[in-house]
Amino acid sequence: NSYINNSENLTLIITPYDYNQAGSVWYYEPVNLSEDFVIEYYAYLGDNPDGADGVTFTLQSNGLSELGGAGGSLGYEGITPSVAVEIDTWLNDLDYPATTDHIAIDVNGNINHTYNNITYLTPNPYDLGNVEDGVEHKVKVVWNATTKQLSVYFDGSQVLTWNKDITQIL
């Protein structure tokens, strides 16, 4: 696990290019969900269209030492309570209805999109096509504390919107 307390010009390699890896990077200061926030970062997902598995941006309230399952679990599965924005570059059985590399919102360490959609009314995953294209992709996560809306942007386009008071989850 790595901790960030200065976000200027950092490049972090979370895992090596190998099988069944997991890693995490946590921001040093907790996010205050009673206030709006905007988090922007660049995700480099490799240059192998057959590579796997992806990354998550995770909000959780258990401190700085949480790490979920490896590989297809995206380093996220099992972290609870939590809300995560995942970018997944491999289709697993639990990724339905996604059909390509995709971005989605997960809750309480559960990476099953159908379960999250039914239980927490999360939006369906957004298909991204191939994002293992050797390019850094800009990701922006926006929380509006007044409207209780979580919005996710990928390469400048809004791809997910979730109207949910996530303070009730975390």
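It should be noted that the structure appears before, not after, this text.
Because the structure is a prediction, the values reported are computed rather than measured. (Residues numbered from 1 in each chain as written. Predicted model: local features only at pLDDT ≥ 70, side-chain atom pairs only at ≥ 80, totals over all residues. Heavy atoms only, no water.)

**Structural notes on the pairing of strand β8 (residues 136–144)**
Part 1 of the argument: Only one face of β8 is covered, namely the one carrying H137, V139, V141 and W143; the face carrying E136, K138, K140, V142 and N144 has none of its residues buried.
Part 2 of the argument: The pairing of strand β3 (residues 37–44) with β8 spans eight bridges and is classified as antiparallel. Each bridged residue has a counterpart across the sheet, and for Y42 the counterpart in β8 is K138.
Part 3 of the argument: If you look at the hairpin formed by β8 and strand β9 (residues 149–154), you'll find four residues sitting between the two strands, and K148 has a positive phi there, around 55°. (Buried < 20%, exposed > 50% of the residue type's maximum accessible area, 1.4 Å probe, protein only. Helix = DSSP H or I, 4+ residues; strand = E, 2+ residues; numbered from the N terminus. Pairing = 2+ DSSP bridges.)

**Looking at the packing of aromatic side chains**
Part 1 of the argument: Counted by the stated rule, this structure contains two aromatic pairs.
Part 2 of the argument: Both rings, one in Y41 and one in F57, keep their centres 6.4 Å apart while their planes meet at 25°; by these two values the pair is stacked. Within this pair, whereas Y41 is found in strand β3, its partner F57 is found in strand β4 (residues 54–60), the two being separated by 16 residues in sequence.
Part 3 of the argument: Judged by its relative accessible area of 22%, Y41 is partly exposed. (Phe/Tyr/Trp six-rings, centres within 6.5 Å; stacked < 30°, edge-to-face > 60°.)

**Description of the nonpolar core**
Part 1 of the argument: Membership of the largest hydrophobic core comes to 27 residues, with the highest contact counts inside it found for I87, I103, F154 and W162.
Part 2 of the argument: The set of elements that each furnish at least two residues to this core consists of β3, β4, β5 (82–88), β6 (101–107), β8, β9 and β10 (157–163).
Part 3 of the argument: Non-local contacts of I87, meaning those with residues more than four positions away in its chain, are made with Y41, A43, L45, D53, G54, V55, H102, I103, L128, V131, V139 and F154. (Core = buried A, V, L, I, M, F, W, Y, C linked by side-chain atoms within 4.5 Å. Contact = heavy atoms within 4.5 Å.)

**Examining helix α1 (residues 113–120)**
Part 1 of the argument: Those residues of α1 lying buried are H113, N116 and Y120. The buried residues of α1 occupy an angular sector of 70° when the element is viewed end-on, so they sit on one face.
Part 2 of the argument: Packed against the buried residues of α1 are β5, β6 and β10.
Part 3 of the argument: Two or three places before T114, at the opening of α1, N112 has a side-chain oxygen 3.0 Å from that residue's backbone nitrogen.
Part 4 of the argument: Positive backbone phi, approximately 55°, marks L121, located one or two places after α1. (Arc of directions from axis to C-beta. Polar contact = N/O pair within 3.5 Å; in protein donor to acceptor, adjacent residues only side chain to side chain.)

**A few points about the environment of Q60**
Part 1 of the argument: With respect to the element layout, Q60 can be found in strand β4.
Part 2 of the argument: Residues Q60 and V83 lie 23 residues apart in sequence; the distance between their C-alpha atoms is 6.6 Å.
Part 3 of the argument: Side-chain polar atoms of Q60 contact the backbone nitrogen of N62, separated by 2.5 Å.

**Considerations on the sheet that holds β6**
Part 1 of the argument: Taking strand neighbours across the sheet as the criterion, the four strands line up as β4-β5-β6-β7 in an open arrangement whose pairing is antiparallel. Each end of this open sheet is capped by a strand with a single partner; those strands are β4 and β7 (126–129). Neighbouring strand axes in the sheet, compared pairwise and without regard to direction, differ in orientation by 20° on average.
Part 2 of the argument: Bridging between β5 and β6 involves six bridges; their strand directions are antiparallel. The residue bridging E86 from the neighbouring strand is A104, located in β6.
Part 3 of the argument: Along the sheet, α1 contacts β5 and β6; its crossing angle with β6, the most-contacted strand, is approximately 45°. (Axes fitted to C-alpha atoms, helices over the stretch in contact; angles between N-to-C directions.)

No statement about biological role is implied by the geometric values presented.
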